[in-house]
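# Tertiary structure, described
Now for the letters of each chain:
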Amino acid sequence: MSTGRWNDLDYVVVDVEGNGHRPPDLVELAIVPIIGGQIGEPRSWLVRPPHPIQWHARNIHGISNDDVAHAPTIAEVADDVLAALAAGAPVGHNVHVDLGVLTRSLAGWQPAEAFDTLKLARHAWNLTSYRLGALVRHRRLDADIPDGLRPHRAGYDALVTARLFVDLVADSAAGEGLGLDELRQYGLVAGLGTASTAAGRRPAASDPTLFDLP
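Going by an unreviewed UniProt entry, the chain carries the name 3'-5' exonuclease and comes from Myceligenerans pegani.

Spelled out as C-alpha coordinates, the structure:
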(Lines give C-alpha, C1' and ligand atoms only; values in the text may rest on other atoms or scores of the structure.)
Protein backbone atom coordinates (compact mmCIF):
# COMPACT_ATOMS: atom_id res chain seq x y z
CA MET A 1 0.00 0.00 0.00
CA SER A 2 1.28 3.45 -0.88
CA THR A 3 2.54 5.62 1.96
CA GLY A 4 1.36 8.79 0.22
CA ARG A 5 2.21 10.94 -2.77
CA TRP A 6 5.50 12.66 -3.45
CA ASN A 7 4.11 16.08 -2.50
CA ASP A 8 3.14 14.87 0.95
CA LEU A 9 6.80 15.51 1.79
CA ASP A 10 8.63 18.82 1.67
CA TYR A 11 12.09 19.07 0.11
CA VAL A 12 15.12 21.33 0.02
CA VAL A 13 17.06 21.20 -3.24
CA VAL A 14 20.75 21.82 -2.58
CA ASP A 15 23.72 22.68 -4.73
CA VAL A 16 27.26 23.43 -3.60
CA GLU A 17 30.27 24.92 -5.31
CA GLY A 18 33.69 24.14 -3.91
CA ASN A 19 37.27 25.30 -3.93
CA GLY A 20 38.65 22.41 -5.99
CA HIS A 21 40.48 20.66 -3.18
CA ARG A 22 39.93 16.98 -2.46
CA PRO A 23 37.79 16.79 -0.45
CA PRO A 24 36.38 20.19 -1.44
CA ASP A 25 35.68 23.04 0.96
CA LEU A 26 32.42 24.93 0.59
CA VAL A 27 32.53 28.18 -1.42
CA GLU A 28 28.88 28.67 -2.36
CA LEU A 29 25.65 27.00 -1.30
CA ALA A 30 22.12 27.42 -2.60
CA ILE A 31 18.90 25.94 -1.26
CA VAL A 32 15.54 25.92 -3.04
CA PRO A 33 12.54 24.75 -0.98
CA ILE A 34 9.74 22.66 -2.48
CA ILE A 35 6.78 22.96 -0.12
CA GLY A 36 3.52 21.21 -0.90
CA GLY A 37 4.81 20.50 -4.41
CA GLN A 38 5.53 24.18 -5.12
CA ILE A 39 9.03 25.46 -5.90
CA GLY A 40 10.09 28.37 -3.73
CA GLU A 41 12.73 31.06 -4.08
CA PRO A 42 16.44 30.18 -4.08
CA ARG A 43 18.59 31.26 -1.15
CA SER A 44 22.35 31.32 -1.54
CA TRP A 45 25.42 31.96 0.58
CA LEU A 46 28.97 32.78 -0.47
CA VAL A 47 31.40 31.30 2.04
CA ARG A 48 35.08 31.98 2.66
CA PRO A 49 36.78 28.57 2.57
CA PRO A 50 39.72 27.66 4.80
CA HIS A 51 41.88 27.03 1.71
CA PRO A 52 42.18 29.06 -1.52
CA ILE A 53 40.00 28.35 -4.54
CA GLN A 54 41.93 26.35 -7.13
CA TRP A 55 42.11 27.65 -10.69
CA HIS A 56 40.25 24.69 -12.17
CA ALA A 57 37.29 25.21 -9.82
CA ARG A 58 37.29 28.95 -10.58
CA ASN A 59 37.18 28.15 -14.29
CA ILE A 60 33.92 26.22 -13.73
CA HIS A 61 31.96 28.45 -11.37
CA GLY A 62 33.76 31.76 -11.85
CA ILE A 63 34.12 32.49 -8.13
CA SER A 64 37.53 33.94 -7.28
CA ASN A 65 39.39 34.22 -4.02
CA ASP A 66 38.75 37.97 -4.14
CA ASP A 67 35.01 37.28 -4.34
CA VAL A 68 35.05 35.43 -1.02
CA ALA A 69 37.79 37.38 0.74
CA HIS A 70 35.25 39.21 2.91
CA ALA A 71 32.54 36.53 2.90
CA PRO A 72 31.54 34.86 6.18
CA THR A 73 32.89 31.47 7.14
CA ILE A 74 30.48 28.55 7.19
CA ALA A 75 30.51 28.70 10.98
CA GLU A 76 29.19 32.27 10.84
CA VAL A 77 26.19 31.33 8.68
CA ALA A 78 25.65 27.79 9.97
CA ASP A 79 22.54 28.60 11.99
CA ASP A 80 20.89 30.24 8.98
CA VAL A 81 21.86 27.37 6.68
CA LEU A 82 20.69 24.70 9.13
CA ALA A 83 17.33 26.44 9.50
CA ALA A 84 16.89 26.38 5.72
CA LEU A 85 17.93 22.73 5.48
CA ALA A 86 15.45 21.78 8.20
CA ALA A 87 12.52 22.63 5.89
CA GLY A 88 12.58 19.28 4.09
CA ALA A 89 14.43 16.27 2.75
CA PRO A 90 17.50 17.16 0.66
CA VAL A 91 17.42 16.70 -3.11
CA GLY A 92 20.30 17.16 -5.53
CA HIS A 93 21.83 16.06 -8.80
CA ASN A 94 24.46 13.47 -7.91
CA VAL A 95 23.58 14.53 -4.39
CA HIS A 96 26.28 12.41 -2.74
CA VAL A 97 28.73 15.18 -3.59
CA ASP A 98 26.58 17.92 -2.06
CA LEU A 99 25.87 15.85 1.03
CA GLY A 100 29.54 15.10 1.47
CA VAL A 101 30.47 18.79 1.45
CA LEU A 102 27.59 19.74 3.75
CA THR A 103 28.17 17.01 6.31
CA ARG A 104 31.82 18.00 6.56
CA SER A 105 30.95 21.69 6.80
CA LEU A 106 28.05 21.47 9.27
CA ALA A 107 29.07 19.49 12.33
CA GLY A 108 26.35 17.08 13.39
CA TRP A 109 24.08 17.61 10.40
CA GLN A 110 22.90 14.35 8.85
CA PRO A 111 19.64 14.05 6.91
CA ALA A 112 17.38 11.08 7.55
CA GLU A 113 16.90 10.59 3.82
CA ALA A 114 17.81 12.33 0.57
CA PHE A 115 16.85 12.01 -3.08
CA ASP A 116 18.94 12.09 -6.24
CA THR A 117 17.65 13.50 -9.53
CA LEU A 118 20.46 11.68 -11.34
CA LYS A 119 19.04 8.32 -10.19
CA LEU A 120 15.49 9.40 -11.01
CA ALA A 121 16.46 10.61 -14.49
CA ARG A 122 18.32 7.40 -15.29
CA HIS A 123 15.20 5.44 -14.34
CA ALA A 124 12.79 7.69 -16.26
CA TRP A 125 14.59 8.46 -19.51
CA ASN A 126 16.87 6.65 -21.96
CA LEU A 127 19.38 9.37 -22.85
CA THR A 128 23.01 9.56 -23.91
CA SER A 129 23.90 12.03 -21.16
CA TYR A 130 22.52 12.66 -17.70
CA ARG A 131 24.61 15.73 -16.96
CA LEU A 132 22.50 18.44 -15.41
CA GLY A 133 23.08 20.75 -18.37
CA ALA A 134 21.94 18.08 -20.82
CA LEU A 135 18.79 17.40 -18.80
CA VAL A 136 18.03 21.13 -18.59
CA ARG A 137 18.17 21.32 -22.39
CA HIS A 138 16.21 18.08 -22.81
CA ARG A 139 13.32 19.36 -20.67
CA ARG A 140 13.77 23.10 -21.34
CA LEU A 141 14.09 23.82 -17.64
CA ASP A 142 15.92 27.13 -18.04
CA ALA A 143 12.92 29.15 -19.22
CA ASP A 144 12.29 32.38 -17.30
CA ILE A 145 15.30 31.97 -15.04
CA PRO A 146 15.60 35.04 -12.79
CA ASP A 147 18.15 37.66 -13.82
CA GLY A 148 21.57 37.15 -12.30
CA LEU A 149 21.45 33.36 -12.22
CA ARG A 150 23.73 31.44 -14.56
CA PRO A 151 24.92 27.86 -15.04
CA HIS A 152 27.56 26.49 -12.66
CA ARG A 153 26.59 28.87 -9.89
CA ALA A 154 24.78 27.34 -6.95
CA GLY A 155 21.58 29.41 -7.27
CA TYR A 156 21.02 28.51 -10.92
CA ASP A 157 21.95 24.86 -10.50
CA ALA A 158 19.72 24.42 -7.45
CA LEU A 159 16.76 26.07 -9.19
CA VAL A 160 16.98 23.99 -12.37
CA THR A 161 17.49 20.87 -10.24
CA ALA A 162 14.29 21.74 -8.36
CA ARG A 163 12.48 22.05 -11.69
CA LEU A 164 14.00 18.77 -12.84
CA PHE A 165 12.89 17.01 -9.66
CA VAL A 166 9.30 18.21 -9.99
CA ASP A 167 9.33 17.32 -13.69
CA LEU A 168 10.44 13.79 -12.83
CA VAL A 169 8.09 13.09 -9.94
CA ALA A 170 4.94 15.12 -10.66
CA ASP A 171 3.90 13.22 -13.78
CA SER A 172 2.74 9.62 -13.88
CA ALA A 173 0.29 7.44 -15.74
CA ALA A 174 -2.22 8.00 -12.94
CA GLY A 175 -1.80 11.75 -13.20
CA GLU A 176 -1.02 12.10 -9.50
CA GLY A 177 2.76 11.88 -9.58
CA LEU A 178 4.94 9.30 -7.91
CA GLY A 179 3.98 7.73 -4.65
CA LEU A 180 6.45 8.08 -1.83
CA ASP A 181 7.27 4.40 -1.99
CA GLU A 182 8.08 4.73 -5.73
CA LEU A 183 10.13 7.85 -5.07
CA ARG A 184 12.12 6.02 -2.43
CA GLN A 185 12.54 3.00 -4.69
CA TYR A 186 13.97 4.96 -7.61
CA GLY A 187 15.51 8.08 -6.08
CA LEU A 188 16.51 7.44 -2.49
CA VAL A 189 20.19 7.81 -1.67
CA ALA A 190 21.54 4.67 -0.06
CA GLY A 191 24.14 4.59 2.67
CA LEU A 192 23.59 7.96 4.35
CA GLY A 193 26.03 8.30 7.20
CA THR A 194 28.50 5.84 5.68
CA ALA A 195 32.12 6.65 4.95
CA SER A 196 31.44 7.08 1.22
CA THR A 197 28.90 9.83 1.82
CA ALA A 198 30.85 11.52 4.57
CA ALA A 199 33.87 11.63 2.32
CA GLY A 200 31.91 13.18 -0.52
CA ARG A 201 31.95 10.26 -2.95
CA ARG A 202 32.91 11.34 -6.46
CA PRO A 203 32.08 9.47 -9.67
CA ALA A 204 34.92 8.34 -11.88
CA ALA A 205 36.24 10.98 -14.26
CA SER A 206 35.26 8.73 -17.16
CA ASP A 207 31.60 8.61 -16.08
CA PRO A 208 29.61 10.01 -19.06
CA THR A 209 26.96 11.36 -16.67
CA LEU A 210 29.49 13.39 -14.69
CA PHE A 211 28.40 16.91 -13.86
CA ASP A 212 30.54 19.75 -12.54
CA LEU A 213 31.99 18.64 -9.24
CA PRO A 214 32.71 21.13 -6.47
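Next comes the rest of the description.
We now examine the packing of helix H6 (residues 132-139) against helix H7 (residues 154-169). Pairs of packed helices are described in terms of their axes, by the angle between the two and the distance that separates them. At their nearest, the axes of H6 and H7 sit 10 Å apart, and the two run at 55° to each other. Overall, the two elements H6 and H7 adopt an arrangement that is oblique. As for how H6 packs across H7, the hand of that crossing is left-handed. Note on element contacts: H7 touches H6 through Tyr156, Asp157, Val160, Thr161, Leu164 and Asp167, opposite Leu132, Leu135, Val136 and Arg139. When its residues are assigned to classes, the contact of H6 with H7 shows six nonpolar, one polar and three charged.

This next bit is on the packing of aromatic side chains. Aromatic rings in a pair are described by how distant their centres are and how their planes are angled relative to each other. If you walk through the whole model with that rule in mind, you get four aromatic pairs. Measuring from ring centre to ring centre gives 6.0 Å for Tyr11 and Phe115, while their planes differ by 75°; the resulting arrangement is edge-to-face. Note that Tyr11 is positioned in strand S1 (residues 11-18) and Phe115 in strand S6 (residues 115-116), a separation of 104 residues in sequence. For the pair Tyr11 and Phe115, a shared accessibility class is recorded, and that class is buried.

Rules behind the numbers
Residues numbered from 1 in each chain as written. Predicted model: local features only at pLDDT ≥ 70, side-chain atom pairs only at ≥ 80, totals over all residues. Heavy atoms only, no water. Axes fitted to C-alpha atoms, helices over the stretch in contact; angles between N-to-C directions. Helix = DSSP H or I, 4+ residues; strand = E, 2+ residues; numbered from the N terminus. Parallel < 35°, antiparallel > 145°, perpendicular 65-115°, else oblique. Left-handed = near helix turned anticlockwise from the far one by under 90°. Contact = heavy atoms within 4.5 Å. Nonpolar A, V, L, I, M, F, W, Y, C, P; charged D, E, K, R; others polar. Phe/Tyr/Trp six-rings, centres within 6.5 Å; stacked < 30°, edge-to-face > 60°. Buried < 20%, exposed > 50% of the residue type's maximum accessible area, 1.4 Å probe, protein only.

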